[in-house]
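# Summary of the model geometry
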Amino acid sequence: MAKYSQHEKGEALMSEIDLRGFQDREALRDILSEKWCRGVDKLNWKLIRTMYEDEVTVFFQDPALPGVPAPRIWLVDEWLHFCRAIEGFDVTSHHLSNFRFDIEGDAAIVNTYLWAQHILNGESYVVGGEYTHKFHRTAAGWKLNHIQLEIWWTTGDAKLFEQAMEMAHAGRAPRSAGAIRF
């Protein structure tokens, strides 16, 4: 058994704490970048489903976005079914940056900036804002249970969302054929 001085014990403990914090931040960043952004853009609903708890509180209230529901608690499968309306776009590109982490034990709040472009028939609608994501650590890892989006700016025609939703719900979204279901 190795012997440490009080100073060395403190450094070893601090290194373990720093390492766990780093690992938690990277795991949360990976969930949001790879599972959420990449998953949504690639329409991999099976992958996205793995990041959620069974219920999720969603607060996307913005009168500029047609079809966005009032804040509420969703069963995650119902929420993802609603999100599938994005399949109506020709392409999307979601990006998160400026990650800020507040991790206390098994709870984490992650704030990020959002830049998301949605293209339909050569027209573009871009959204910029800030997400607040709340996570809980489970035996299976970090799981998302709350999403809030504060939209700061948009460019383009918000009605593209209505058109994309109509196409997706009518079964006329060409990208739906390539989507990975959960």
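### Things to note about the overall build of the protein chain
Along the protein chain, the regular secondary structure elements total four helices and six strands. Helices (α) and strands (β) of the protein chain occur, in sequence order from the N terminus, as α-α-β-β-α-β-β-β-β-α. By residue count, 41% of the 182 residues in the protein chain fall in the buried class. Relative to all contacts within the protein chain whose residues are 6 or more apart in sequence, the contacts with residues 24 or more apart total 60%. When the accessible surface of the protein chain is split by element, carbon and sulfur atoms take 53% of a total near 10100 Å².

### Observations concerning the environment of glycine 122
If you trace the backbone, glycine 122 turns up in the loop between strand 4 (107-120) and strand 5 (123-138). Each C-alpha atom of the pair glycine 122 and aspartate 90 lies 8.5 Å from the other, and the pair is 32 residues apart in sequence.

### Some thoughts on the sheet that holds strand 3 (residues 91-104)
Strand order in the open sheet formed by six strands is 2-1-6-5-4-3, and the pairing between neighbours is mixed. Two strands lie at the open edges of the sheet, namely strand 2 (72-75) and strand 3, each paired on one side alone. Going from strand to strand, the sheet's axes swing by 25 degrees on average, the running direction of each strand aside. Bridge count for strand 4 against strand 5 is 14 bridges, and the pairing is antiparallel. Note that in strand 5 the partner of asparagine 111 across the bridge is threonine 132. Here helix 3 (residues 76-83) sits on the sheet and contacts strand 1 (52-59), strand 2 and strand 6 (141-156); the angle it forms with strand 2, its principal contact strand, is near 95 degrees. The sheet strands contacting helix 4 (residues 159-169) are strand 4 and strand 5, and the helix crosses strand 4 at an angle near 85 degrees.

### Quick word on helix 4
For an α-helix the count is 3.6 residues per turn, leaving residues at separations of three or four pointing the same way. Taken together, the buried positions of helix 4 are Leu160, Phe161, Ala164, Met165, Met167 and Ala168. The buried residues of helix 4 all sit within an arc of 165 degrees when viewed along its axis, so they share a single face. Turned more than 90 degrees away from the buried face of helix 4, the exposed residues are Lys159 and Glu166. Those residues of helix 4 hidden inside the fold are in contact with helix 3, strand 4 and strand 5. Phi turns positive, to about 75 degrees, at glycine 171, one or two residues after helix 4.

### A closer look at a negative patch on the surface
Together, Glu123, Asp157, Glu162 and Glu166 make up a region of like negative charge exposed at the surface. Looking at the secondary structure, you find glutamate 162 in helix 4. Accessibility expressed as a relative area gives 34% for glutamate 162, which makes it partly exposed.

Parameters at a glance
- Residues numbered from 1 in each chain as written.
- Predicted model: local features only at pLDDT ≥ 70, side-chain atom pairs only at ≥ 80, totals over all residues.
- Heavy atoms only, no water.
- Helix = DSSP H or I, 4+ residues; strand = E, 2+ residues; numbered from the N terminus.
- Buried < 20%, exposed > 50% of the residue type's maximum accessible area, 1.4 Å probe, protein only.
- Contact = heavy atoms within 4.5 Å.
- Areas by Shrake-Rupley, 256 points an atom, 1.4 Å probe, with all protein chains shown as cover.
- Pairing = 2+ DSSP bridges.
- Axes fitted to C-alpha atoms, helices over the stretch in contact; angles between N-to-C directions.
- Arc of directions from axis to C-beta.
- Patch = residues over 30% accessible without salt bridge, like charges linked within 9 Å, V, L, I, M, F, W, Y side chains within 5 Å.
- Salt bridge = Lys/Arg side-chain N within 4 Å of Asp/Glu carboxyl O.
- Lys, Arg positive; Asp, Glu negative; His and termini not counted.
- Charge placed at Lys NZ, Arg CZ, Asp CG, Glu CD.

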